[in-house]
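# Commentary on secondary and tertiary structure
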Amino acid sequence: MTLDRPTWIDIDLEAIRHNVRTTRRLVGPNVKIFVVCKGDGYGIGAGVLAKTAIEAGADAAACSSPSDASAIRSAGVTAPILLYASTSTVDAAATVSLGVIPTIHDFSSLDAFSELSELNEVYIKIDCGFGRLGFTAPEWSEAFQRLASSSRFKVAGLYCHLGSTEDRAKLELQLEKFHSAAAQAKAAGLHDLVLMIASSRVTIGQIGFNMNAVNPGRMICGILEEPWNRLADIRPVLTSLKSKLIQVKMLAAGSTLAYGEAVIGRDMLIAIAPVGFADGYPRLPAGGVALIRGQRVPILGSRATEHTTFDVTDVDGVAVNDEVVLLGRQGEHVITGNDIADHTGVPLIELLPRIGRLARRVYHG
Ligand SMILES: *Cc1c(COP(=O)(O)O)cnc(C)c1O
């Protein structure tokens, strides 16, 4: 192994399996689970996430970037991969050659994929009020008819992404629109479609919305904020961010810290670990907490690129090579992703995948 800083994250593959089993219990045996692996599998690794989840009972994968689709295939996954629309129309042929199911989300993508010579299985994406990708309601009838009558397509699914997931009434409106779209698709001759509208929070909160497929991402990756993390039996997958102390020293009262951020008012024992915002832990705001020798210790100042300083004045026996936990458990204490999100103001869904993409991953289980 090549030498690196003693700084890493732990990824618990058994937690992925557990979260898939929880999802399966929620949706029942007959609903297809598409594990969403976008953004390099929310920082877990797209290939590992897809492979582990599918072995644990998910039926298919979904992602947005071609690079993630390639990583999933390279991991040996043979199950279907739905590609959320994200590629340029000029790359339609290359997209299909990845071995994915492309998404037709507007007339320009319909035109681009219809020019390819072979028959391709596709999914249709519609907009039921999210205001992002997808055909809008006035376009449905023409889109469905063109897709149904083209010899280039085998339409296998219809999906949309829901907004306002906290608001039952707004969800019901979007659901009604989806049902109307599904009826129009059927009338146009598109039969036996996979119908899918449920991301994680819809899957957890609105079981009646599951259709015959769901596409959760963050619940399988254990990246749920309050109160959703308490509404289903979901475990964190990225369980810790750890490093080791590389210096411990006394600073005299009156010393300045870092880039003149503070002057300390008392003699202080400080310790430094080679972990910083290059590992995805936010630079600001200053402060926060870490665990050393089973004790909670203050982080001093902001994080530097690859260094963080701790106040270890009250820690007995602290020494170089001691493990420091910035996220995760040590002894009786635990720092959760939600704790860091609360302190930094960086939402959990941005924070954990960022740490996951930037820090060195160690897989367990
Ligand atoms: C990200 C995404 C999902 C999954 O969302 P989660 O909240 O992570 O479950 C589902 N569908 C689409 C289209 C997405 O982009």
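## Some remarks on the side chain of T23
- Tracing the backbone shows T23 in helix α1 (residues 13-27).
- Dropping the residues within four chain positions of it, T23 is found in contact with I33, T203, P216, M219 and I220.

## Details of the environment of Y363
- By secondary structure assignment, the location of Y363 is in strand β20 (residues 361-364).
- The partly exposed category is assigned to Y363, whose relative accessible area is 32%.
- It is 27 Å that separates the C-alpha atoms of Y363 and I299, two residues lying 64 residues apart in sequence.
- Those residues within four positions of Y363 in sequence are excluded, and the remaining contacts are I11, L13, I44, G45 and V48.

## Brief notes about the pattern of salt bridges
- Overall, the coordinates contain 20 salt bridges when judged by the stated rule.
- Of the charged contacts in the structure, one is a salt bridge between E55 and K51, with a shortest N-O distance of 3.0 Å. Remark: K51 and E55 occur in helix α3 (residues 46-55); sequence separation between them is four residues, near one turn of the helix.
- In this structure K51 comes out as partly exposed when scored by relative accessible area, which is 35%.
- Its salt-bridge partner being D167, residue K170 comes within 3.9 Å of it at the nearest N-O pair.
- For K170, a relative accessible area of 45% translates into the label partly exposed.

## Some details on the domain arrangement of the protein
- If you check the domain split of the protein, you get domain 1 (31-221) and domain 2 (238-364).
- Using C-alpha coordinates to define each centre, domain 1 is positioned 40 Å away from domain 2.
- For the pairing of domain 1 and domain 2, the buried interface totals around 610 Å² over both sides, and the portion due to carbon and sulfur atoms is 59%.
- Scanning the region where domain 1 abuts domain 2 turns up one salt bridge.
- Where R361 meets D40, a salt bridge forms, and the shortest distance between an N and an O atom there is 2.8 Å.
- Sort the elements by how many residues they give to the side of domain 1 that touches domain 2 and helix α2 (residues 38-42) lands first, with three residues.

## Overview of the sheet that holds strand β6 (residues 120-125)
- Spatially, eight strands are ordered β4-β3-β2-β9-β8-β7-β6-β5 in an open sheet, and the strand pairing comes out parallel. Both outer strands of the open sheet, β4 (81-83) and β5 (103-104), are each paired with one neighbouring strand and no more.
- Where helix α4 (residues 66-74) meets the sheet, its contacts fall on β3 (60-63) and β4, and the angle it forms with β4 comes to roughly 175°.

## Thoughts on helix α11 (residues 337-344)
- Listed as buried for α11 are G337, N338, I340, A341 and T344. Down the axis, α11 shows its buried residues gathered within 160° of arc, on one side only.
- The elements touched by buried residues of α11 are α10 (228-231), β18 (323-330), β19 (333-335) and α12 (348-358).
- Remark: G345 follows α11 within two positions and exhibits a positive phi of approximately 80°.

## What to know about unusual backbone geometry
- In this model, E226 is joined to P227 through a cis peptide bond whose omega is -5°.
- Looking at the secondary structure, you find P227 in the loop between β9 (213-214) and α10.
- One non-glycine residue with positive phi stands out, namely S164, at about 50°.
- Residue position: S164 is located in the loop between β7 (153-159) and α8 (168-187).
- We note that R293 has phi near 50°; this positive angle belongs to a residue other than glycine.

## Regarding the packing of helix α7 (residues 137-149) against α8
- Contact geometry for α7 and α8: axes closest at 9 Å, N-to-C directions at 20°. Taken together, the axes of α7 and α8 lie roughly parallel to each other. Taken as a pair, α7 and α8 cross one another with a handedness that is right-handed. Counting all contacts with α7, which are made through A137, W140, S141 and F144, the residues of α8 involved are K177, S180, A181, Q184 and A185.
- Taken together, the residues of the contact of α7 with α8 sort by class into five nonpolar, three polar and one charged.

## Focus on the environment of D322
- Of note, D322 is situated in the loop between β17 (308-311) and β18.
- Between the C-alpha atom of D322 and that of A273, which follows or precedes it by 49 residues, the distance is 9.4 Å.
- Once residues lying within four places of it in the same chain are set aside, the contact partners of D322 are S243, K244, L245, I292, R293 and G317.

Reading the values: the criteria
Residues numbered from 1 in each chain as written. Predicted model: local features only at pLDDT ≥ 70, side-chain atom pairs only at ≥ 80, totals over all residues. Heavy atoms only, no water. Helix = DSSP H or I, 4+ residues; strand = E, 2+ residues; numbered from the N terminus. Contact = heavy atoms within 4.5 Å. Buried < 20%, exposed > 50% of the residue type's maximum accessible area, 1.4 Å probe, protein only. Salt bridge = Lys/Arg side-chain N within 4 Å of Asp/Glu carboxyl O. Domains from an automatic or database assignment. Buried area = accessible area lost by both parts, 1.4 Å probe. Pairing = 2+ DSSP bridges. Axes fitted to C-alpha atoms, helices over the stretch in contact; angles between N-to-C directions. Arc of directions from axis to C-beta. Parallel < 35°, antiparallel > 145°, perpendicular 65-115°, else oblique. Left-handed = near helix turned anticlockwise from the far one by under 90°. Nonpolar A, V, L, I, M, F, W, Y, C, P; charged D, E, K, R; others polar.

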